[in-house]
Amino acid sequence: MTVTAPVTTAHRSSADLIEAEGLTVAHNYHPLPVVVARAEGVWVEDVEGRRYLDMLAGYSALNFGHRHPGLVEAARRQLDQVTLTSRAFHNDRLAGFAEGLAELTGLDMTLPMNTGAEAVESAIKVARKWAYESKGVPEDRATIIVASGNFHGRTTTIVSFSDDPTARTGFGPFTPGFRTVPYDDLAALEAAIDDTTAAVLIEPIQGEAGVRIPSPGYLEGVRELTRRSGVLFIADEIQSGLGRTGTTLAVAYESVLPDLVLLGKALGGGIVPVSAVVGRREVMSVLQPGEHGSTFGGNPLAAAVGSAVIDLLRTGEFQQRAQDLGEILTARLTALIGRGVLSFRSRGLWAGVDVDPAIGTGREISERLMAEGVLVKDTHGSTIRLAPPLTITADELESALATMEKVLTR
Ligand SMILES: Cc1ncc(COP(=O)(O)O)c(C=O)c1O
């Protein structure tokens, strides 16, 4: 038997690793040319030892920063106990995790999954089954209303109701049963609801669309319409939830409680993929053994990290930080209007910034910021999304925004 040395990334340069990745990893992303090797808090370091301030935070998966000590400790402790049981057996961490989610959201029951897309898929199944059993919608006729500009993930069913050609083209045939209405349009939503409608599925703030914030009263209106029509309101809080906007859930901005809330990203503390559908008991109770599942959903490691995330959010500290630091973000971006920034939308520590295309595309600006030690990512042409860890200090935020000002005004 020949024993060869294990493949290692030690001593390989960024350029070498990027080239190798291009040859061996599917090209479903176009990352910025930075190869991260280490990270702590809001800082990441590349293989050559260059440091960058992470102003994207894994699209909100790193709300508590990289390797938050409390979260790493919770994971370490659990690694020494038990990491996976599958749901064939009970584990001693799942009940506490679900109790924590109920307390955090004001809802009753949790369906634990792993990725965001799985939570969305699971909610679609729950809503359809609920419509057949509780509303008497004829078999296979249930519809779910979604909003234009949505982003809910990448599975075949989810891209079936995307209106982004890049997400859809080449991936049909698509799953039927979805109806799209313009986002932030209550009249269109009301007109689209009929006897077959099981649910309305929306993002309280559309992240991928460029941090699109609906008009005041929209979420309240969706709640009122869905309640009146006997339709479920499903809020996809996978990106907007867990402190990002200054409240635990973005729907809290209008004091609205949906029937189902979808969580993901930050729920895994930046350590493990953890997602959940959290909902009213009457709705969640439609699922019976064997009808839905996931080998990894609700595993003890995920539940331990998720519970530690809930503990962090229980204090309200991070929600408050998002509010306070959000004021700095808004003030600095306002000062950039007409100086490289055309417009922006923000809530809490989350902003979509439309840069002047005359200065460069979103991608070019992101690369220039990278060269100055600040990591962001573009979305849709000339929009840049800012979502730093909620652990960022005011000085670090000021410094990142000063770099942005420098790049946009030189
Ligand atoms: C609102 C929303 N829903 C769902 C998803 C899909 O999550 P995942 O990439 O974990 O499948 C995302 C990811 O960006 C998202 O922003």
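Throughout, residues of each chain are indexed from 1 in the direction in which the sequence is written. With pLDDT at 70 or above as the cut-off, local features in this predicted model cover only qualifying residues; side-chain atom pairs require 80 or more to be listed or tallied, and sums for whole chains, interfaces and linings still use all residues. Only hydrogens and water are set aside; all other atoms, that is, all heavy atoms of the structure, feed into the side-chain values.

**Focus on the site of the ligand**
For the record, the criterion: A cutoff of 4 Å decides nearness: a residue is near a molecule or strand if any of its heavy atoms lies inside that distance of it. N or O atoms closer than or at 3.5 Å make up a polar contact, with two conditions inside protein: a donor-capable atom paired with an acceptor-capable one, and, for residues adjacent in sequence, both atoms drawn from side chains. A 1.4 Å probe and the Shrake-Rupley method give the accessible areas. Residues count as covered only by the protein chains that appear here.
Near the ligand, the surroundings consist of T115, G116, A117, F151, H152, G153, E203, D236, I238, Q239 and K265. Note that an oxygen atom of the ligand is positioned 2.8 Å from one of the backbone N or O atoms of G116. Between K265 and the ligand, the recorded distance is 2.8 Å, taken from a side-chain N or O atom to an oxygen atom. For the ligand, the accessible surface in isolation is 390 Å², of which the surrounding protein chains cover 80%.

**A few points about the sheet that holds strand β1 (residues 36-40)**
Sheets are built from strands that pair by backbone hydrogen bonding, the pairs being arranged parallel or antiparallel. We count it as follows: Note: two strands are recorded as paired if DSSP finds a minimum of 2 bridges between them. By definition, any uninterrupted DSSP run of H or I lasting at least four residues is a helix, any uninterrupted run of E lasting at least two residues is a strand, and each is numbered from the N terminus.
The strand order β1-β2-β3-β13 describes an open sheet built from four strands, whose pairing is mixed. Strands at the two margins of the open sheet, each flanked by one partner only, are β1 and β13 (374-375). When β1 meets strand β2 (residues 43-46), the two strands line up antiparallel, connected through four bridges. Counterpart to V36 in the pairing with β2 is D46.

**Focus: empty space enclosed by the protein**
This is how the line gets drawn: With a 1 Å grid spanning the protein atoms alone, the term cavity applies to any set of points in which a 1.4 Å probe fits but cannot get out, the term pocket to an open set with protein on both sides within 12 Å along at least five of seven lines, and the term lining residue to any residue with an atom within 4 Å of a point. Grid points are joined across faces, edges and corners, and a volume is the space filled by probe spheres set on the points. When residues are sorted by character, Ala, Val, Leu, Ile, Met, Phe, Trp, Tyr, Cys and Pro go into the nonpolar class, Asp, Glu, Lys and Arg into the charged class, and all the rest, Gly among them, into the polar class.
In this structure the tally under the stated criterion is one cavity of 30 Å³ or more. Space inside the largest cavity adds up to approximately 30 Å³. Taken together, N150, F151, H152, G153, I158, V159, S162 and A167 make up the full set of residues lining the largest cavity. Tallied by class, the residues present in the lining of the largest cavity amount to four nonpolar, four polar and no charged.

**Concerning the layout of surface pockets**
Volume-wise, the second largest pocket comes out at about 620 Å³. Elements supplying a minimum of two residues to the lining of the second largest pocket: α4 (94-105) and β4 (109-113). Its residues placed into classes, the lining of the second largest pocket shows nine nonpolar, eight polar and four charged.

**Observations concerning unusual backbone geometry**
To keep it simple, the criterion reads: Each residue's exposure class comes from its accessible area (1.4 Å probe, protein chains only) as a fraction of the maximum for that residue type: buried when under 20%, exposed when over 50%, partly exposed otherwise.
In this structure, the amide linkage connecting G172 to the following residue, P173, adopts the cis form with an omega of 0 degrees. Within the chain, R67 stands out as a residue other than glycine whose phi angle is a positive 50 degrees. For R67, the position within the fold is in the loop between α2 (57-60) and α3 (69-79). Using a relative accessible area of 52% as the deciding quantity, one classes R67 as exposed.

**Here we look at the sheet that holds strand β7 (residues 197-202)**
Quick reminder of the rule: Where helices are involved, their axes are fitted lines through C-alpha atoms of the stretch in contact, as for all axes, and angles between N-to-C directions lie from 0 to 180°.
The seven strands are arranged β4-β10-β9-β8-β7-β5-β6 in an open sheet whose pairing can be described as mixed. In the strand order of this sheet, the two ends are held by β4 and β6 (178-181), each with one partner. For this sheet, the mean inter-axis angle between neighbouring strands, taken without regard to orientation, is 20 degrees. Pairing analysis gives four bridges linking strand β5 (residues 143-147) to β7, with the strands arranged parallel. Residue pairing across strands places V146 opposite L201, the latter belonging to β7.

**Overview of the pairing of β4**
Side chains on a regular strand alternate between the two faces of the sheet. For β4, a buried count of four out of five residues is recorded, marking the element as mostly surrounded by other parts of the structure. Across five bridges, β4 lies against strand β10 (residues 275-279) in antiparallel orientation. In the strand pairing of β10, M113 is matched with S275.

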